[in-house]
Amino acid sequence: MERRPKLTVVGSYNTDLTVRAPRIPVGGETILGGPFQSGPGGKGANQAVAAARLGADVTMLVKLGSDPFGDQAAENLARENIRCDYVLRSAESHTGVAFIVVDDAGENMIVVAAGANNLLSPADIDRAREAITSADLVVFQLEVPVETVTHAARLARQAGVRVLLNPAPGRKLDRDLLEQVDILTPNETEAALISGLPVTNVREAEAAGKKLLEEGVRAVVLTLGSNGALVVTPQGSQHVPGRRVKVVDTTGAGDAFSAALAVRLAEGKDLAEAVRFANLTAALQVTRFGTAQAMPSRQEVEAFLG
Ligand code: RIB
C-alpha cells in the first residue's frame, strides 16, 4: 500500500457563524437572511480537514481558547482524523470566530475575530519542531501572526521540508518570508497586494507571478476563481483551466485548492497535475454550503475527475 503523504498545517481555527442572505448588506443596513449554520472553519482548519479527507496524514498546529467553542474545535479536528498533539489551548483569549454572510450568487463577506489564533507564537513552534521537520510538506496561511509563520517556514526550509503558503487574508509580505516559500497560492487580490502590481487579467497575473519569483518564491500558483489557475515558475507559465459548476458558496474554495495542491505535491506529482486535481477539489467544494464541512473526500474528487 502507498505511504500516505505527511502534511503539517500551521494555522487558524475559527468557529464559522454563517448566514445566507439575498445580498451582502451595506453599512448601517439590517436585512433578513437565513438559513444559519455554525461549524468548523478558519483557513488553517479548513485546509487541514480538506487534506485529511483527501487521504493525507495531517498534523495541525493551532491555538484555541479555553471555552466551549475550543472544546468543540478540538473534537471536530480529532473526528477528522487530524493528529492533535499540538492543538494548544489558551485561557487568555477566545477561540477564533468568523462572521460570514453568503449571498444568493455564492459570494461572501467575512469578518474574523482571531482571538487565540493571534497567540500562536514562535515558542509554540519550537515546541512542535518535530511535526515540522518530519513532514513531507508544511502548509501555512496568514490568520496567525506573520512572525510565527516566518519562524516556522524557516525551520521547515532548514530541514529540507517544502513550504506552501496560502497568503490569505492578503497583506504585504517581507522578503524574509517569501524566500522560505516553495509554493505560493495567492488569489488575484492577494497577488496584487503582495507584488504591488495590478492583477485584472491573465497577462497581468503572469507579470505579478514573475515579480513574486524575483522576491524569492520558487513557484507561484495564482488562483483565478472559475477560470482555474496560473502556474508561474522560472521555467515558464501555464494556465490550467477550471471546471464550470453550479456555485452554491465560494467560502473556503481557496482552502480546498491549497490543501489539494499540497496533498498531490506531497504524493510526488508535478505542479501541473497537482493544480488540475486542486481545481477539481475547489470546484466540488463550491457546490456545497459551508467551509470545512463542505470539503470533498478523495473518492468524491476521483469520481469527479472521471
Ligand atoms: O477561507 C474561509 C475561511 O476564512 C472561513 O472558514 C473563515 O473562518 C475565515 O477564516
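The coordinates are above.
(A) Region of interest: the overall build of the protein chain. When helices and strands are tallied, the protein chain shows eleven helices and 13 strands. In the protein chain, which comprises 306 residues, the share counted as buried stands at 55%. For the protein chain, the proportion of contacts with a sequence separation of at least 24, taken over those separated by at least 6, is 67%. Working note: accessible area of the protein chain is about 12,700 Å², and carbon and sulfur atoms make up 51% of it. Across the protein chain, 31 positive and 36 negative side-chain charges occur, with their mean positions spaced 4 Å apart.

(B) Geometry of the site of the ligand. In the vicinity of the ligand lie 13 residues, with D16, G42, K43, E143 and D255 positioned nearest. Separating an oxygen atom of the ligand from a side-chain N or O atom of D16 is a distance of 2.6 Å. If the ligand stood free it would expose 280 Å²; the protein chains cover 97% of that surface. Every element with two or more residues in the shell around the ligand is listed here: β2 (14-20), α1 (43-53) and β7 (108-113). By residue class, the composition of the shell around the ligand is three nonpolar, six polar and four charged.

(C) Layout of the pairing of strand β8 (residues 137-140). The two faces of β8 match: L137 and V139 on one face and V138 and F140 on the other face are all buried. Relative to β8, strand β1 (residues 6-10) runs parallel, the two being bridged by four bridges. Looking across to β8, one finds that V9 is bridged to V139. Where β8 and strand β9 (residues 162-165) come together, four bridges link them in parallel fashion. Bridging from a neighbouring strand, L137 pairs with R162 of β9. After leaving β8, the chain enters helix α5 (residues 146-158) and then returns to the sheet as β9, a path that is right-handed.

(D) Looking closely at the pattern of salt bridges. Counted by the stated rule, this structure contains 18 salt bridges. Put simply, D182 and R218 hold a salt bridge, and the shortest N to O gap is 3.1 Å. With D182 in the loop between α6 (175-178) and β10 (183-184) and R218 in the loop between α8 (202-214) and β11 (219-223), this residue pair connects regions lying 36 residues apart in the sequence. Looking at R218, the relative accessible area reads 29%, which means it is partly exposed. Residue E267 pairs with R298 through a salt bridge whose shortest N-O separation is 2.9 Å. Pair noted here: E267 is in the loop between α9 (253-266) and α10 (271-285) and R298 is in helix α11 (residues 298-305), with a separation of 31 residues, a long-range link. Put simply, R264, E267, E273, R298 and E302 are held in one network by salt bridges that share partners.

(E) Region of the structure containing the sheet that holds strand β6 (residues 96-102). With mixed pairing, four strands are arranged side by side in an open sheet as β3-β2-β6-β7. Only two strands of the sheet have a single neighbouring strand rather than two, namely β3 (36-41) and β7. Across this sheet, the average inter-strand angle for adjacent strands is 20 degrees, counted without regard to direction. Across seven bridges, the pairing between β2 and β6 is parallel. Of the residues in β6, the one forming a bridge with T18 is I100.

(F) Expanded view of the sheet that holds strand β13 (residues 236-240). Strand order in the open sheet formed by nine strands is β5-β4-β1-β8-β9-β10-β11-β12-β13, and the pairing between neighbours is mixed. The open sheet terminates on both sides in strands that have one partner only, identified here as β5 (87-90) and β13. Sheet topology note: the strand β4 (residues 57-65)/β5 ladder contains four bridges and is parallel. Considered in β5, the bridge of V62 is made with V87. Strand contacts of α9: β1, β8, β9, β10, β11 and β12 (229-233), with the helix running at about 165 degrees to β9, the strand carrying the most contacts.

(G) Highlighting unusual backbone geometry. Of note, the amide linkage connecting G34 to P35 takes the cis form, showing an omega dihedral of 5 degrees. Cis geometry marks the peptide bond from A168 to P169; its omega dihedral reads -5 degrees. Residue position: P169 is located in the loop between β9 and α6. The backbone of N81 sits at a positive phi, close to 65 degrees, despite the residue not being glycine. Here N81 shows up in the loop between α2 (68-79) and β5. Exposure remark for N81: the relative accessible area of 63% places this residue in the exposed category.

(H) Just the pairing of β4, in detail. In terms of burial, β4 is a largely internal element, eight of the nine residues being buried. Chirality of the crossover, the property in question, places the unit of β4, α2 and β5 among those that are right-handed.

Cut-offs and rules
- Residues numbered from 1 in each chain as written.
- Predicted model: local features only at pLDDT ≥ 70, side-chain atom pairs only at ≥ 80, totals over all residues.
- Heavy atoms only, no water.
- Helix = DSSP H or I, 4+ residues; strand = E, 2+ residues; numbered from the N terminus.
- Buried < 20%, exposed > 50% of the residue type's maximum accessible area, 1.4 Å probe, protein only.
- Contact = heavy atoms within 4.5 Å.
- Areas by Shrake-Rupley, 256 points an atom, 1.4 Å probe, with all protein chains shown as cover.
- Lys, Arg positive; Asp, Glu negative; His and termini not counted.
- Charge placed at Lys NZ, Arg CZ, Asp CG, Glu CD.
- Near = heavy atom within 4 Å.
- Polar contact = N/O pair within 3.5 Å; in protein donor to acceptor, adjacent residues only side chain to side chain.
- Nonpolar A, V, L, I, M, F, W, Y, C, P; charged D, E, K, R; others polar.
- Pairing = 2+ DSSP bridges.
- Right-handed = clockwise from strand over helix to strand, strands pointing away.
- Salt bridge = Lys/Arg side-chain N within 4 Å of Asp/Glu carboxyl O.
- Axes fitted to C-alpha atoms, helices over the stretch in contact; angles between N-to-C directions.

Read these as layout, nothing more, since geometry by itself doesn't imply function.
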